Amino acid sequence: MPYYKLTYFNLRGRAEIARYIFAFSGIKYEDNRIGRMDWLTIKPSIPFGKLPFLEVDGIILHQSLAIGRYLAKETGLAGKTHLEQAQVDGIVDSIDDFISLFPWGEQDQDVKQEIQNNLFSNLAPELLQHLENYLGEKDWFVGNSVTWADFYWDVCSTTLIVLNPNFAQNFSKLLALKNRVQTLPGISEWIKNRPETINSL
Ligand SMILES: N[C@@H](CCC(=O)N[C@@H](CS)C(=O)NCC(=O)O)C(=O)O
């Protein structure tokens, strides 16, 4: 088993998908949470200069979804066939397209709130309807067992619910999926014991 070290701020954010995969798979890793000053010191030495990054026996992987996809493949959470894997990736990317529209770095709180309100009012319902249709009566988005697409839904929707408690409230199947993910062995313990994060994000 490689030595894994995941570096990010003290946020769930873009590192949480990797942490979920580690938690569910029972794989040991170093959950390295750094402050902004430490980050600015090491940023120039990190390929592509962004967080999170994952060191795998010293090799640095960047981009949260590349990290997630790699870990999912290593742990059997990527989908059982290439076709299923493409379906899983489609769900992950659809959720990521939406969450990437949020103005995470915006300093002006009024501007930030206005953009967020617009995303929740005008774009969220369509995405949520597509996700709920895709899920249908199944337990998991793809195939007959959990994949990292189900984890990604829970991770991202948890953050979106912090910003807007009404997000997804009318989508009972998607909320039931959240509950299924959150009660999985490994995940439920992680959620109970994980560190408090800045602004609960
Ligand atoms: N698409 C990238 C986004 C990476 C990114 O923008 N990371 C932010 C934190 S969420 C960051 O590194 N901010 C500090 C900086 O740019 O110096 C991913 O998913 O990893």
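Preceding block: the structure.
Report follows, based on the coordinates.

Criteria and cut-off values
- Residues numbered from 1 in each chain as written.
- Predicted model: local features only at pLDDT ≥ 70, side-chain atom pairs only at ≥ 80, totals over all residues.
- Heavy atoms only, no water.
- Axes fitted to C-alpha atoms, helices over the stretch in contact; angles between N-to-C directions.
- Helix = DSSP H or I, 4+ residues; strand = E, 2+ residues; numbered from the N terminus.
- Parallel < 35°, antiparallel > 145°, perpendicular 65-115°, else oblique.
- Contact = heavy atoms within 4.5 Å.
- Nonpolar A, V, L, I, M, F, W, Y, C, P; charged D, E, K, R; others polar.
- Bend = angle between axes of the 7 residues up to and from the residue.
- Buried < 20%, exposed > 50% of the residue type's maximum accessible area, 1.4 Å probe, protein only.
- Polar contact = N/O pair within 3.5 Å; in protein donor to acceptor, adjacent residues only side chain to side chain.
- Near = heavy atom within 4 Å.
- Areas by Shrake-Rupley, 256 points an atom, 1.4 Å probe, with all protein chains shown as cover.
- 1 Å grid on protein atoms, 1.4 Å probe; cavity = no way out; pocket = protein on both sides within 12 Å on 5 of 7 lines; lining within 4 Å.
- Sits in = over half its atoms within 2 Å of the grid points.

**Quick word on the packing of helix H5 (residues 109-135) against helix H7 (residues 172-182)**
- One can describe the packing of H5 onto H7 by two numbers: an axis separation of 9 Å at closest approach and a directional angle of 70°. Looking at the two axes, H5 sits roughly perpendicular to H7. Taking contact as the criterion, the partners of Leu128, Leu131, Glu132 and Leu135 in H5 are, on H7, Ser172, Lys173, Leu174 and Leu177.
- Of the residues contributing to the contact of H5 with H7, the split by class is five nonpolar, one polar and two charged.

**Digging into H5**
- Its axis deflected by about 50° at leucine 123, H5 carries its strongest bend there, up to four residues before the proline proline 125.
- For H5, the full list of buried residues reads Lys112, Gln116, Leu119, Phe120, Ala124, Leu127, Leu128, Leu131, Glu132 and Leu135.
- In this fold, the buried residues of H5 make contact with helix H4 (82-99), helix H6 (148-163) and H7.
- In this structure aspartate 108 caps H5, since a side-chain oxygen of it lies 2.9 Å from the backbone nitrogen of aspartate 110.
- Glycine 136 sits one or two positions beyond H5 and adopts a positive phi of about 55°.

**Things to note about the site of the ligand**
- Around the ligand, the surrounding shell consists of Tyr8, Arg14, Trp39, Lys43, Lys50, Leu51, Pro52, Gln63 and Ser64.
- The separation between a nitrogen atom of the ligand and a polar main-chain atom of leucine 51 is 2.7 Å.
- Side-chain polar atom of glutamine 63 to a nitrogen atom of the ligand: 2.8 Å apart, as the coordinates give it.
- Alone, the ligand offers 510 Å² of accessible surface; in the complex the protein occludes 72% of this.
- With respect to the detected pockets, the ligand is housed in the second largest pocket.

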